[in-house]
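Close look at the chain arrangement
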Amino acid sequence: MASATAKLPRVMSGMRPTGNLHLGHYVGVLTQWVKYCDTADAFFEIADLHALTTGFDDPQAIRDARNSMVADWLAAGVDPKKSTFYLQSGVPQISELETLLGMITPISWLERVPTFKGQIEELGSEVATYGFLGYPLLQLCDIAVFRGELVPVGKDQVAHLEFAREVVRRFNYLYGGGEPVLVEPKAMLSNFPDVPGTDGRKMSKSYNNAILLSDDDATTTEKVRGMFTDPQKIRRNDPGRPEICPVFSLWKFVKPQHTAIVERDCRSGALGCVQDKGDLAEALNEFLRPLRERRVLYAADEAYVERIIAEGTARAREIAAKTVADVKRAMKLT
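Values in this document were obtained by computation on a predicted structure and should not be read as measured data. For every chain, the first residue of the written sequence is number 1, and numbering continues from 1 along that sequence. Per-residue local features are limited, in this predicted model, to residues with pLDDT of at least 70; the limit for side-chain atom pairs, both in listing and counting, is 80 or more; totals at the level of whole chains, interfaces and linings are taken over all residues. In computing side-chain properties, one takes all heavy atoms of the structure into account and sets aside hydrogens as well as water.

Note on definitions: the grid is 1 Å and covers protein atoms alone; a cavity is a set of points where a 1.4 Å probe fits but cannot get out; a pocket is an open set with protein on both sides within 12 Å along at least five of seven lines; lining residues have an atom within 4 Å of a point. Grid points are joined across faces, edges and corners, and a volume is the space filled by probe spheres set on the points. Of the pockets and cavities examined, the second largest pocket occupies roughly 240 Å³. Among the elements that take part in the lining of the second largest pocket, helix α4 (residues 92-102) stands out by supplying 4 residues, more than any other. Here the nonpolar group is Ala, Val, Leu, Ile, Met, Phe, Trp, Tyr, Cys and Pro; Asp, Glu, Lys and Arg are the charged ones; every other residue, Gly included, is treated as polar. Its residues placed into classes, the lining of the second largest pocket shows 6 nonpolar, 5 polar and 1 charged. Under the DSSP-based scheme used, a helix requires at least four consecutive residues in state H or I and a strand at least two consecutive residues in state E, with every element numbered from the N terminus.

What follows is the structure, given as structure tokens:
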């Protein structure tokens, strides 16, 4: 397991184990994580407590998804020897820090986080729990307990991180005695691309429109052949509008050097949608084949995956314990 390196910034990121990962996760997040393994002291969280905020009625599904998700990480090339994989619930200091920081966090700060009301409207009032309200605070503690300096976020998550910075500033003002106890995390704005799903909406497991990393060639081909295309391009020779076609958008990720040809032939009518989708399915399977072959090996070696999680979680606990000790000392609890 990698040791902390003072010269490298500490980066924290994570995912909720809510099912198998898809193409959007790979091109949008995991490829960046691979780079962080060489450029940062990276911590990657299996956010099972976060998953419980909306999936509390099916904890077994969260447990079952944990190792599968880590197999996806490994298959994508995320290196556990150059980073720390850890289980959120296996680091009790995260929950302890949430309790301590909860003493100074105004409820109004939590309620004004933009995603709070929006997600309740989308998911229903049954998720309007104490845990769901405190989601941003728990997210802060994921970062603060390791004194994370940089957090890769998209533009829609900046408000979450600004909330985190406000709580840290408040804590340091109240208890720091002129010296910061906790680190204010900085946003590392990342361009997480919107990868379209088979129905044209953003690829998401909840929309049932995702091409999974665990899919086989036949399943991938079937999904691609069923994708939405330009509704005005009815016959092969009809001119198309690639700018609105999710099939064309996927070409940009799978084989970007081929997009100019696809765009030209689509607009001229030389390329029909059936052929285009068949070509994309073949290219996509070729693109994902090395990852999928590695994934089969990792998914079959459950003991190896469990060992990586256990070793990383043990390291995470050691670092987190030091932070919580400092926090409790600053609050005159020890």
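Now that the structure has been shown, the text picks up again.
The next thing to look at is the packing of aromatic side chains. Between 30 and 60 degrees the pair is tilted, below 30 it is stacked and above 60 it is edge-to-face, where a pair is any two Phe, Tyr or Trp rings, Trp via its six-membered ring, whose centres lie within 6.5 Å. A complete count under the given rule lists 10 aromatic pairs for this structure. Pairing Trp33 with Phe44 gives two aromatic rings, centres 4.2 Å apart and planes at 10 degrees, and the pair type is stacked. In this pair, Trp33 sits in helix α1 (residues 23-39) while Phe44 sits in strand β2 (residues 41-46), placing the two residues 11 residues apart along the sequence. Throughout this description, buried means an accessible area under 20% of the type-specific maximum (1.4 Å probe, protein chains only), exposed means over 50%, and partly exposed covers the range between. On the accessibility criterion, Phe44 (0% relative accessible area) is buried. Aromatic side chains Phe43 and Phe146 sit 4.8 Å apart centroid to centroid with 25 degrees between the ring planes, which places their arrangement in the stacked category. Taken together, the residues Phe43 in strand β2 and Phe146 in the loop between α8 (135-144) and β4 (150-153) connect sequence positions 103 residues apart. The burial state of Phe43 is the same as that of Phe146; both residues are buried. Each member of the aromatic cluster is reached from another via a ring pair, and the members are Trp33, Phe44, Trp73 and Phe85.

Once that is clear, we can look at empty space enclosed by the protein. In this approach a probe as big as a water molecule rolls over the atoms, and the regions it shows empty are the leftover space. In total, this model carries 1 cavity of 30 Å³ or more according to the counting rule given. In this structure, the largest cavity spans a volume of roughly 70 Å³. Taken together, Thr229, Asp230, Lys233, Arg241, Cys245, Val247, Cys266, Leu271, Gly272, Cys273 and Asp276 make up the full set of residues lining the largest cavity. By residue class, the composition of the lining of the largest cavity is 5 nonpolar, 2 polar and 4 charged.

Time to look at α1. In an α-helix, one turn spans 3.6 residues, which is why side chains three or four residues apart end up on the same side. How far a helix is expected to stretch is found by multiplying one less than its residue total by 1.5 Å. Taking 1.5 Å per residue, 17 residues should reach 24 Å; α1 reaches 24 Å between its end C-alpha atoms and fits that length. The buried fraction of α1 is high, at 12 of 17 residues. Those residues of α1 that sit buried are Leu23, Gly24, His25, Tyr26, Val27, Gly28, Val29, Leu30, Gln32, Trp33, Tyr36 and Cys37.

Strand β3 (residues 83-87) sits mainly inside the fold: 5 of its 5 residues count as buried. Here a strand pair is declared whenever DSSP counts at least two bridges between the two strands. Both β2 and β3 contribute to a ladder of 5 bridges, which runs parallel. Its bridge partner lying in β3, Phe43 is registered against Thr84.

By themselves, these figures tell us nothing about what the structure is for.
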